[in-house]
Amino acid sequence: MKTQRSFTSKHDSDKEIIITIRRGSKTYYITGRVRSKSTGITEKQYKAQKKTRFNAEIDITVEYVRTAIEDKIANRNGKKKESTEGNDGSMIYETFCERREMGGRLSPNMNEDTTKRAFHDFERVYKKHLKNYDESNPITEIDKQKIFNELVDEIRSSNRSKNNIATMEQTASQILFYANEVYQCLRNMNPMLPEMNLSMGSRGKGIKNEQLKTLPDEVRQKLCHALEDSLTENPAFVKAAVCMMMGMRTSEAAAVISDDFTAFPDWCIIDVLYQIKKGERSAQLKTKNSYRRICGPKWHTEMLKDCFCELDMLGEGGTVSPSDVSAWVLKILQRCGCSEEYLTEAQKEMPREERESLVDSLAAYILRRDFASLAKNVFYMSEYQIDYLLGHVKNVKLSEVADLKQPENLRKMALQMERYAYSSEKTLNPAYQPILLSHGSDVEGCWNTANLENNTGDILELTIEYEAALPAQAIEIVCAKDSNYNNSFYRKKHRR
């Protein structure tokens, strides 16, 4: 089944951008082409495509494809990338256009696709709602609530809206969150801009709430070191904490034993089949989606191997009380710099049913949300992958769940987790551990940065194949010099 949407190019009124949405068995394929209005000929030099597995992401994906084509048209016509429509010459909008023209990510934890969405959301909010606010007329909480309500009304009036108020409020919160991220970046560039906070804070289940529960990187690194130091003294607690950092609930992590753990050289699998319930190891989990196989990168693998080795020496199985584990982890988090304010705010954002067992749930809630944030913003996992690893309820085909349980797919997700280095020594991230090359070897990975090292003493010819979310996201190859080969390193082939 195919549907089409058409737009007139912002940079050339003679060009019509035609977006085709084709639905496959599991995936939506979005392809963009350009047709000349005067001649009716499709111009093949302008083309972009992207795919998504989720119906809810179609609009965003269409916008990405359209933006990619607009960039090509702008570059070909020698025009600036930003649209001049609605540019009232204000300091805010001029700073925004300057930042967008610079390109690159908005922050280290935000990929290029998310940055494009953030720019789009800010421009949308600014043009429709923020033009009249400045230093002399600052935005108030009442104004912000009014803007939020207007966004909800816009979403409700959309033909694609399902009139689910909770979903519409969540979408509006996300738009304001991204708009606020852009604006704070603009203020860092230009301190003369008025102070303004567009985020709705604890409104609904917006992304701001998830960011609130994300551990600061300094605290996360200290937590990793603290767990390494406590391994010999409290192997069962450390085991449970590491499992919670992989997205498991406290009761699930407390029930993991060595029989549930499968270790490979650089990654691992855990079968989540039990939880501690009323002091016993029970096979009855919270939901049917809780029964799953999860994976872990090298740091988690090494930590769990050491924990089970210590437990084996002590003659213990490894099951512990969820309440004791949660209290122990909370103390470690406080010792690592996690503030009381952070813990209090996280407690407020917990679902009502989990607040009743606060002692058991808070630590896991913090670590599970931190894992989900890393999975989305650093590992670049899909929402479906994240929901699967967390054991959330989703209406999905059993065949799709079976696919994610396959070792080859779990291995790929474990490699994605290596994008964050929990330890500079226990990681496969090639930014810390160079990949050694040899004749005839194949290297697979999903890295933002990779160091390749010639381990043969000879000249190597590299054939590089890569995939990017957008055509503009080309790779950059930087070659180090090698005096043994007259300042040449490798002969390179690029194949897209």
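Structural data are supplied above this passage.
For clarity, every value in this text was computed on a predicted model and none was experimentally measured. (Residues numbered from 1 in each chain as written. Predicted model: local features only at pLDDT ≥ 70, side-chain atom pairs only at ≥ 80, totals over all residues. Heavy atoms only, no water.)

Caption draft 1: Inspection of the packing of aromatic side chains at higher detail. Applying the stated rule across the entire model yields 13 aromatic pairs. Between tryptophan 299 and tyrosine 422, the ring centres sit 5.6 Å apart and the planes meet at 15°, which makes this aromatic pair stacked. Taken together, the residues span a long stretch of sequence, with tryptophan 299 in helix α10 (residues 298–314) and tyrosine 422 in the loop between α17 (407–417) and β10 (435–437) at a distance of 123 residues. For the pair shown, tryptophan 299 and tyrosine 422 are each scored as buried. When the centroid spacing of 5.0 Å and the interplanar angle of 80° are considered together, the rings of tyrosine 420 and tyrosine 422 count as edge-to-face. Just as tyrosine 420 is buried, tyrosine 422 falls in that class too. Taking the ring centre of tyrosine 420 as reference, the NZ or CZ of arginine 220 above it sits at 5.0 Å. (Phe/Tyr/Trp six-rings, centres within 6.5 Å; stacked < 30°, edge-to-face > 60°. Helix = DSSP H or I, 4+ residues; strand = E, 2+ residues; numbered from the N terminus. Buried < 20%, exposed > 50% of the residue type's maximum accessible area, 1.4 Å probe, protein only. Lys NZ or Arg CZ within 6 Å of the ring centre and 35° of its normal.)

Caption draft 2: Quick look at the sheet that holds strand β6 (residues 268–272). Strand order across the open sheet formed by 3 strands is β5-β6-β9, with antiparallel pairing between neighbours. Looking along the sheet, the strands with just one partner apiece sit at the ends: β5 (261–263) and β9 (292–296). Here the average twist between neighbouring strands, direction ignored, is 20°. In the sheet, β6 pairs with β9 via 5 bridges, with the strands oriented antiparallel. For valine 272, the partnering residue across the bridge sits in β9 and is arginine 292. Its contacts with the sheet place α10 against β5, β6 and β9, and it is angled at close to 120° to β5. The strands touched by α17 are β6 and β9; relative to β9, the strand with the most contacts, the crossing angle is about 40°. (Pairing = 2+ DSSP bridges. Axes fitted to C-alpha atoms, helices over the stretch in contact; angles between N-to-C directions. Contact = heavy atoms within 4.5 Å.)

Distances and angles like these do not, on their own, reveal function.
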